Amino acid sequence: MIQKLKNKARSINGLFWLTVAAPTVLAVAYFGFMASDVYISESRFVVRSPEKQAASPLGMVLKGAGFSSNQGDAYTVQDYVLSRDALKALDDDFGIGKAFGNPDVDFFSRFAALDRDNSFEALHRYYQKKVLVQTDSTSSISTLTTSAFTAEDAVNANRKLLELSEILVNRINERGRQDMIKFATAEVTQAAVKAKAAGLQLTGYRNKNGVIDPERQATAQLLQITKMQDDLLATTTQLAQLIAFTPANPQIPAMENRAKVLRAEIQKENANINGNQASLVNKATDFQRLAIDRDLAEKQLASALVSLESARNEALRQQVYLERIVQPSKPDIAMEPRRLRSILATFVFGLVAWGVLGMLIAGVREHQD
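Residues numbered from 1 in each chain as written. Predicted model: local features only at pLDDT ≥ 70, side-chain atom pairs only at ≥ 80, totals over all residues. Heavy atoms only, no water.

### Digging into the overall build of the protein chain
Thinking step 1. Looking only at helices and strands, the protein chain features eleven helices and five strands.
Thinking step 2. Buried residues in the protein chain amount to 35% of all 369 residues.
Thinking step 3. Counted over contacts in the protein chain with a minimum sequence separation of 6, partners at least 24 positions apart contribute 74%.
Thinking step 4. With an accessible surface of roughly 23000 Å², the protein chain has 58% of that area assigned to carbon and sulfur atoms. (Helix = DSSP H or I, 4+ residues; strand = E, 2+ residues; numbered from the N terminus. Buried < 20%, exposed > 50% of the residue type's maximum accessible area, 1.4 Å probe, protein only. Contact = heavy atoms within 4.5 Å. Areas by Shrake-Rupley, 256 points an atom, 1.4 Å probe, with all protein chains shown as cover.)

### Points about unusual backbone geometry
Thinking step 1. Notably, serine 140 is not glycine yet its phi reads approximately 65 degrees, a positive angle.
Thinking step 2. Among the secondary structure elements, serine 140 is positioned in the loop between β3 (131-135) and β4 (141-148).

### Concerning the pattern of salt bridges
Pairing is possible between side chains of opposite charge, provided their charged atoms come close.
Thinking step 1. This model, assessed by the stated rule, comprises seven salt bridges.
Thinking step 2. Across the pair glutamate 42 and arginine 44 runs a salt bridge whose closest N-O atoms are separated by 3.7 Å.
Thinking step 3. Looking at glutamate 42, the relative accessible area reads 34%, which means it is partly exposed. (Salt bridge = Lys/Arg side-chain N within 4 Å of Asp/Glu carboxyl O.)

### Focus on the environment of alanine 353
Thinking step 1. With respect to the helices and strands, the residue alanine 353 is situated in helix α11 (residues 339-368).
Thinking step 2. In this structure alanine 353 comes out as partly exposed when scored by relative accessible area, which is 29%.

### Looking at the side chain of threonine 19
Thinking step 1. Structurally, the position occupied by threonine 19 is in helix α1 (residues 2-34).
Thinking step 2. Side-chain polar atoms of threonine 19 contact the backbone oxygen of leucine 15, separated by 2.7 Å.
Thinking step 3. In this structure, threonine 19 is in contact with Gly350, Ala353, Trp354 and Leu357, ignoring residues within four places of it in sequence. (Polar contact = N/O pair within 3.5 Å; in protein donor to acceptor, adjacent residues only side chain to side chain.)

### With respect to the packing of aromatic side chains
Thinking step 1. Scanning the entire structure with this criterion turns up four aromatic pairs.
Thinking step 2. Among the aromatic residues, those joined into a ring-pair cluster are Phe100, Phe111 and Tyr126. (Phe/Tyr/Trp six-rings, centres within 6.5 Å; stacked < 30°, edge-to-face > 60°.)

### Examining the packing of helix α4 (residues 84-94) against helix α6 (residues 120-130)
Thinking step 1. Running from N to C, α4 and α6 point in directions that differ by 100 degrees, and their axes come no closer than 10 Å. As summarised for this structure, α4 and α6 are arranged roughly perpendicular, according to the angle between their axes. For the pair α4 and α6, the contacting residues are Arg84, Ala86, Leu87, Lys88, Leu90 and Asp91 in the first and Phe120, Glu121, Leu123, His124 and Tyr127 in the second. (Axes fitted to C-alpha atoms, helices over the stretch in contact; angles between N-to-C directions. Parallel < 35°, antiparallel > 145°, perpendicular 65-115°, else oblique.)

### Focus on the nonpolar core
The nonpolar side chains of soluble globular proteins are, as a tendency, buried together.
Thinking step 1. Core analysis: the largest hydrophobic core is formed by 30 residues, its most contacted members being Val81, Tyr127, Leu144 and Leu161.
Thinking step 2. With five residues, the top contributor of residues to this core is helix α7 (residues 151-209).
Thinking step 3. If we skip the residues at most four places from it in the chain, tyrosine 127 touches Val81, Leu82, Ser83, Ala86, Leu87, Leu90, Phe100 and Leu161. (Core = buried A, V, L, I, M, F, W, Y, C linked by side-chain atoms within 4.5 Å.)

### Some thoughts on the layout of surface pockets
Thinking step 1. Estimates place the volume of the second largest pocket at around 280 Å³.
Thinking step 2. Lining of the second largest pocket is provided by 15 residues; of these, Arg110, Phe111, Ala112, Tyr126 and Lys129 occupy positions nearest its centre. (1 Å grid on protein atoms, 1.4 Å probe; cavity = no way out; pocket = protein on both sides within 12 Å on 5 of 7 lines; lining within 4 Å. Points joined across faces, edges and corners; volume = space filled by probe spheres on them.)

### Looking at a nonpolar patch on the surface
Thinking step 1. Residues Leu344, Phe347, Val348, Leu351, Val352, Val356, Leu357, Met359, Leu360 and Ile361 make up a contiguous nonpolar surface patch of about 850 Å² in total accessible area.
Thinking step 2. Inspection of the secondary structure puts valine 348 in helix α11.
Thinking step 3. Assessed through its relative accessible area of 39%, valine 348 is described here as partly exposed. (Patch = residues over 30% accessible without salt bridge, like charges linked within 9 Å, V, L, I, M, F, W, Y side chains within 5 Å.)

### Description of the pairing of β3
Regular strands have side chains that alternate between both faces of the sheet.
Thinking step 1. Residues Val131, Val133 and Thr135 line the buried face of β3, whereas the alternating positions Leu132 and Gln134 sit on a face that is not buried.
Thinking step 2. Here five bridges tie β3 to β4, and the two strands are oriented antiparallel to one another. Its bridge partner lying in β4, glutamine 134 is registered against threonine 143.
Thinking step 3. Between β3 and β4, which pair antiparallel and follow one another directly, the connecting turn spans five residues, one of which, serine 140, has a positive phi of 65 degrees. (Pairing = 2+ DSSP bridges.)

Here you go:
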């Protein structure tokens, strides 16, 4: 019986050393003497636009200044910050990969220390653990957090990512502005071509048919016909009076000839207005069609010019801005690792594991006995 108790005590002591004492000693050694300090830089920004509306208190403040938050573009910035493009820019600018793989960093925290994989894909996976972007869905404020093994690297990375994000937003602005203006300009060009073609067709028709405006010309000819008809009426009346009262009057032949000429001219003018294929009435149909086409093309050109001006104004109004609310902070002390808390957590988890395993082992032995 005593021997069994001794064996049980030995097993319990061995389990205690395995699950509690040894992990705690290792945690003290690592977190107390080996683990490298980790510095964290934090900044806050909001992506805002003069067109969008926001219902949050911050959105109302921005709205009072003529702007409102733009959450969709904030998520675009968030994706870009965690992208390979942003990492490459950081690495090209001040060698973030070398900073993460610095030999002065402890073996377990250093980049490419355990698996010896120093590829860009491995660096990207490591980078995503060191950079965090969180966007508040209520206020649309984004918080950018960067971690590094020196305070300078942490704040430099944060500043560079903010600069890259501003460049991205400006590029999106410029692309949208150029696309909008390009489309409106293309419409103006197309409308100008149509207006020019319609004007040339109308001018060619005028030159070919020798008309300027058939309706006006017909009106002028009608007035002339009316005048000639009045002259003809006066001539025939006077001629009738002369024949009735002075049949031998020498003016009768001249007046008869005048009346004949007036009738011929009236008939000719009537034929010019509406009597053959070359008459003004027939020309007026084609002329009006060409004139309507020209007027419509000119109206379309005027409308396209207005649209172009509106597109330019709209492009200026719809710019999106990345506004820094809190500048990147330069940490004066390391925020990680939480050495004492990590050691205490290791000790507590070890005690839990020791208690659970101890009960399991005791149950198994009692079942065997």
